[in-house]
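# Coordinate inspection notes
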Amino acid sequence: MARAPEPARSTAPGGAPGTLLTSADVARVVDRMAHQLIERAASGRAEDGADGGLADLVLVGIPTRGAPLARRLAARIEAFTGTRVDVGTADITLYRDDLRLRGVRALEPTVLPDAGIDGRLVVLVDDVLFSGRSVRAALDALRDLGRPRVVQLAVLVDRGHRELPIKADFVGKNVPTSRSQQVRVHLAEIDGADEVLVTDGEPGVREPRGEEAR
Ligand SMILES: O=P(O)(O)OC[C@H]1O[C@H](OP(=O)(O)OP(=O)(O)O)[C@H](O)[C@@H]1O
Ligand SMILES: O=c1cc[nH]c(=O)[nH]1
């Protein structure tokens, strides 16, 4: 198996606004996370006797950008191992506890692999981990979709400021931020190019997504 790439170097010192990850950094971080997922799926099999390994793994992306991220991780795992990994998406909108604060938005698709998630290792995938409220909502959404054997969390960027006892199992990049800053993840599938920025934007103001942006 190829060696996991070294951690990405940030181009902005922690907390300073600017480019946190370039396109090349994003690719390197995704590759490293894919290697970590491969190793963890293998060691989980040894620890608890589950016989699935990567076949047991389902990557479930949290829209918006968690969905393409999950697909990329699956593609890289397949490139490294030759094994196809199941991918899905789980819309969390109706499970949020802060819907009234955030305003109305269109629902995104929830799509699970044919084999479902019962008894499997589900790794939730998101671009940013901040308060933890999106992940909490995703856990509630999963409860309505099946009963995984284990649920883990993979995020591209952990920026701190948790409001709930939630911790990621796989983190692409930890970045200290002030609460008022924003971490903006741009992915080619949605935004035309890969890039992660730290901005001094207003909290609670979201960038337009997909069709809204065009
Ligand atoms: O830990 P939290 O405080 O929940 O913040 C993280 C979430 O915020 C962003 O999503 P957002 O809700 O802005 O929607 P988007 O993914 O559609 O941009 C991001 O994609 C995470 O899902
Ligand atoms: O900074 C943040 C906070 C929540 N969600 C994001 O995408 N960025």
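Residues numbered from 1 in each chain as written. Chains lettered and ligands numbered in written order. Predicted model: local features only at pLDDT ≥ 70, side-chain atom pairs only at ≥ 80, totals over all residues.

### Thoughts on the site of ligand 2
Defined as follows: For each residue, a C-beta position is placed from the backbone atoms; the residue is near a molecule or strand when that point lies within 6 Å of it. Three classes are used, and their members are as follows: Ala, Val, Leu, Ile, Met, Phe, Trp, Tyr, Cys and Pro are nonpolar, Asp, Glu, Lys and Arg are charged, and the others, Gly among them, are polar.
The environment of ligand 2 is made up of V128, F130, R159, Q182 and V183. In terms of residue class, the shell around ligand 2 is built from three nonpolar, one polar and one charged.

### Quick word on the UniProt feature "short sequence motif: PRPP-binding" (unreviewed entry) in the chain
Put simply, the test is: UniProt positions are given in the numbering used here, feature names are shortened, and annotations may be inferred rather than shown by experiment. Secondary structure counts use DSSP, requiring at least four H or I residues in a row for a helix and at least two E residues in a row for a strand, with both numbered from the N terminus.
Taking the UniProt record as the reference, the feature "short sequence motif: PRPP-binding" (unreviewed entry) is found at residues 122–134. Between the end C-alpha atoms of residues 122–134 the distance is 16 Å, and the span holds 15% helix and 62% strand.

### Description of the site of ligand 1
Neighbouring residues of ligand 1: 14 residues in total, closest T64, F130, S131, R133 and S134. Taken together, the elements giving at least two residues each to the shell around ligand 1 come down to β4 (121–129) and α4 (133–143). The element best represented in the shell around ligand 1 is β4, accounting for four residues. Among the residues making up the shell around ligand 1, the classes are represented as four nonpolar, four polar and six charged.

### A short note on the sheet that holds strand β1 (residues 18–21)
Worth spelling out the cut-off: Two strands make a pair as long as DSSP finds a minimum of two bridges between them. Axis definition: a line fit to C-alpha positions, over the contact stretch in the case of helices; interaxial angles, taken between N-to-C directions, run 0 to 180 degrees.
The three strands are arranged β1-β8-β7 in an open sheet whose pairing can be described as antiparallel. Two strands bound the open sheet, and with one partner strand each, they are β1 and β7 (182–186). Strand-to-strand twist in this sheet, taken as the mean axis angle between neighbours without regard to direction, amounts to 30°. As judged from the five bridges shared by β7 and strand β8 (residues 195–199), these two strands associate in the antiparallel manner. Its bridge partner being in β8, Q182 is matched across the sheet by T199.

### Regarding unusual backbone geometry
With an omega dihedral of 15°, the bond running from P63 to T64 counts as a cis peptide bond. With respect to the helices and strands, the residue T64 is situated in the loop between β2 (57–61) and α2 (66–81). With a phi close to 70°, H161 is a non-glycine residue in the positive phi region. Summarising the element assignment, H161 is placed in the loop between β5 (150–158) and β6 (170–174).

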